[in-house]
Amino acid sequence: MRCSKFESLIALYVEIDLAESDERLVEAHLETCQGCREFAADIRESQMALKELRMDFVEEAALQEVRAEVLFHLSTPRRMAPWPKYAIAAMLLAGLWAGWLWRARTAVPLEVQPRAAVIAPPDLAPAPAARQLVRTVRRRHRQPGPAFKSEPLVVKIVTDDPQVVIYWLVGQNGG
Amino acid sequence: MEGGCVDARDEEFARLVKQAKAGDAVAFEAILGLYERRVLLTALRLLNRNIEDAKDAAQQVFLRLHRSLGRLDENRHFASWLYRVTVNVCRDMLRARAHRPALSLEDAGAGLVPAAADDPVRNEQRRLIYAALATLPERERTAVVLRDLEGFTTSEAARIMGCSEVTVRSQISNARVKIRKFVRRPPRRPL
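Definitions and cut-offs
Once a new chain begins, its residue numbering starts again from 1 and follows that chain's sequence as written. Numbering of ligands from 1 and lettering of chains from A proceed in the order in which they are written. pLDDT decides what is reported in this predicted model: residues at 70 or higher carry local features, side-chain atom pairs at 80 or more are listed and counted, and totals for whole chains, interfaces and linings draw on all residues regardless. Only hydrogens and water are set aside; all other atoms, that is, all heavy atoms of the structure, feed into the side-chain values. The helix count covers DSSP runs of H or I at least four residues long, the strand count covers runs of E at least two residues long, and both are numbered beginning at the N terminus. Relative accessible area decides the class of each residue, using a 1.4 Å probe on protein chains only: under 20% of the type maximum gives buried, over 50% gives exposed, and in between gives partly exposed. By the convention used here, residues are in contact when the closest approach between their heavy atoms is within 4.5 Å. Note that accessible areas follow from Shrake-Rupley with a 1.4 Å probe, and for residues the cover is restricted to the protein chains shown. Only when DSSP finds a minimum of two bridges between them are two strands counted as paired. Once two parts are joined, some of their accessible surface, as seen by a 1.4 Å probe, is lost; buried area is that loss totalled over both. When a carboxyl oxygen of Asp or Glu lies within 4 Å of a side-chain nitrogen of Lys or Arg, that pair is called a salt bridge. In protein, a polar contact requires one atom able to donate a hydrogen and another able to accept it; more generally it is a pair of N or O atoms within 3.5 Å, and residues adjacent in sequence count only if both atoms are side-chain atoms. The residue classification treats Ala, Val, Leu, Ile, Met, Phe, Trp, Tyr, Cys and Pro as nonpolar and Asp, Glu, Lys and Arg as charged. All others, Gly included, are polar. Residue count minus one, scaled by 1.5 Å, sets the expected span of a helix. Patch members must show over 30% relative accessible area and no salt bridge, and they are joined within 9 Å when carrying like charges or within 5 Å when they are nonpolar side chains of Val, Leu, Ile, Met, Phe, Trp or Tyr. The criterion for an aromatic pair is that two Phe, Tyr or Trp rings (for Trp, the six-membered ring) have centres within 6.5 Å, with stacked assigned to planes under 30 degrees apart, edge-to-face to planes over 60 apart and tilted to the rest.

A.B. asks: Account for the overall build of chain B, with residues named and values stated.
C.D. replies: If you tally the helices and strands in chain B, you get eight helices and one strand. Order of helices (α) and strands (β) in chain B, N terminus to C terminus: α-α-α-α-β-α-α-α-α. Counting every position in chain B, which comprises 191 residues, the buried fraction comes to 53%. Long-range contacts, defined here as pairs at least 24 residues apart, represent 67% of the contacts in chain B between residues at least 6 apart. For chain B, the exposed area adds up to about 9000 Å²; of that, 50% sits on carbon and sulfur atoms.

Written out as structure tokens, the structure is:
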């Protein structure tokens, strides 16, 4: 294995992040390679400097600000954002529209069956028997019929409203 | 994990989570107090020491925690869960602000107090390391922050980042090599 390949292993070896088999491989290589020993020393040094950052701490003011903001957010009642209201309204409208469309599609259409109309041509020359009938009818009209002299029938219709009562006068002659 | 982390397995902590679930605001505030330093510090490191972004991220993490209390298992590894949320929130923020210019190293670091502020050599080294971290790709920076700064094991870091141990090991290795290279030969332009 070339030294460049060992660099990534050495970077893990210095912090004991390697499996035992890889550790032995790296140790064997370090015994024979001066360049890689220097590389390992450099990595150890930069790792020590990196770990110095563990000692840093945050200012109390920043912590208090975070805490105050969090508690403020939790204390204010959460209001419903406007968009869900619009979304719900839009969904309801869409539902209504879809229902209307569905009903319109499934309703049984009134189908008018076409029928062949048979229209008889007008008689140009009326039959003699018909003429005779017309005459007979005329004759009957001339004679006065018997006169009905009876009381009109009164129909009383009671509605739900006690104030409204409908009277219907029906003549015996059908009027 | 190093540093004696507070864990949901602790009886006291499990009790706090249970009370917070039941709507006890004091219990939630106590949980907030236990984790706020670590969440804010991690966010600062992941967000290249931008204090305003880190504060926003920490707020989002705790608001998300409050929303998720009902689904939270008090016997689960709570610290891992909280770090996973922190990593995800920071990653979303980094993506959202990708078009924004990064803070200069002079402006970065507000709100962060160095342990050895009066040592110029250590301060310079610290500045270099932060600059090196800022040059790393987001996944490599996250891996090295979790492993080398927060003290998680590789398997814990993999669980938090949602990837395999092999991937995290490769990211950590790449990051360490790049940091070493940066520290040995920092760029000539002013950092």
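A.B. asks: Hey, could you go over the overall build of chain A for me, with residue numbers and the actual values?
C.D. replies: Counting secondary structure elements, chain A contains six helices and three strands. Ordered by position from the N terminus, the helices and strands of chain A form the series α-α-α-β-α-α-α-β-β. Counting all 175 residues of chain A, 19% fall into the buried class. Within chain A, contacts between residues at least 6 apart in sequence are counted, and of these 29% link residues at least 24 apart. For chain A, the exposed area adds up to about 15100 Å²; of that, 60% sits on carbon and sulfur atoms.

A.B. asks: Help me get a handle on the pairing of strand 3 (residues 165-170) of chain A, residues and values and all.
C.D. replies: Residues and elements named next belong to chain A. Note: strand 2 (residues 153-158) against strand 3, six bridges, orientation antiparallel. What sits directly across from Ile157, in strand 3, is Ile166. Count of turn residues in the strand 2/strand 3 antiparallel hairpin: six residues.

A.B. asks: So what about the interface of chain A and chain B? Which residues, and what values?
C.D. replies: Residue-level contacts link 34 residues of chain A with 44 residues of chain B. Between chain A and chain B lies a buried interface of about 3800 Å² when both sides are counted; carbon and sulfur atoms form 61% of it. On inspection of chain A and its partner chain B, the count reaches ten salt bridges. Between Asp17 of chain A and Arg147 of chain B there is a salt bridge, with its nearest N and O atoms 2.9 Å apart. At the junction of chain A and chain B, the tally comes to 17 residue pairs in polar contact (both at pLDDT 80 or more). Where the side of chain A that touches chain B is concerned, the elements lending two or more residues are helix 1 (3-13), helix 3 (34-52), strand 1 (57-58) and helix 4 (60-75) of chain A. Looking at the side of chain A that touches chain B, the element that brings in the most residues is helix 4 of chain A, giving eleven residues. Its residues assigned to classes, the side of chain A that touches chain B shows 16 nonpolar, four polar and 14 charged. Here strand 1 of chain A pairs with strand 1 (residues 112-113) of chain B via two bridges, running antiparallel. Within strand 1 of chain B, the position partnered with Val58 of chain A by the bridge is Leu112 of chain B.

A.B. asks: Account for helix 5 (residues 120-135) of chain B, with residues named and values stated.
C.D. replies: Compared with the 22 Å implied by 1.5 Å per residue over 16 residues, the 23 Å span of helix 5 of chain B between its first and last C-alpha is a close match. Close packing links the buried residues of helix 5 of chain B with helix 3 of chain A together with helix 2 (25-46), strand 1, helix 6 (138-149) and helix 8 (165-184) of chain B.

A.B. asks: Give a detailed account of a nonpolar patch on the surface, specifying residues and quantitative values.
C.D. replies: All names here are of chain A. On the surface, Val154, Val158, Val165, Tyr167 and Leu169 cluster together into a nonpolar patch covering about 500 Å² of accessible area. If you tally residues by element for the nonpolar patch, the top one is strand 3, at three residues. Secondary-structure assignment places Val165 in strand 3. Residue classification places Val165 among the partly exposed residues on the basis of a relative accessible area of 34%.

A.B. asks: Could you give me a rundown of helix 6 of chain B, with the residues and numbers involved?
C.D. replies: Residues and elements named next belong to chain B. For helix 6, which comprises twelve residues, the first-to-last C-alpha distance of 15 Å matches the rise-based estimate of 16 Å (1.5 Å per residue) to within 8%. The buried fraction of helix 6 amounts to eleven of the twelve residues, a majority that puts the element mostly inside the structure. Where helix 6 is concerned, the buried positions are Glu138, Glu140, Arg141, Thr142, Ala143, Val144, Val145, Leu146, Arg147, Asp148 and Leu149. Just downstream of helix 6 lies Gly151, where phi reads positive at about 80 degrees.

A.B. asks: If you had to explain the packing of aromatic side chains to someone new, which residues and values would you point to?
C.D. replies: Residues and elements named next belong to chain B. Scanning the entire structure with this criterion turns up five aromatic pairs over all chains. Taking 4.8 Å as the distance between ring centres and 55 degrees as the angle between the ring planes, the aromatic pair formed by Phe13 and Phe78 counts as tilted. In this pair, Phe13 sits in helix 1 (residues 11-21) while Phe78 sits in helix 4 (residues 78-96), placing the two residues 65 residues apart along the sequence. Of the two residues, Phe13 and Phe78, both sit in the buried class. Here the aromatic rings of Phe78 and Trp81 are separated by 6.2 Å at their centres, their planes lie at 25 degrees, and the arrangement is stacked. One end of the pair, Phe78, and the other, Trp81, are both in helix 4, three residues apart, so they sit about a helical turn from each other. With a relative accessible area of 2%, Phe78 lands in the buried category. Judged by its relative accessible area of 13%, Trp81 is buried.

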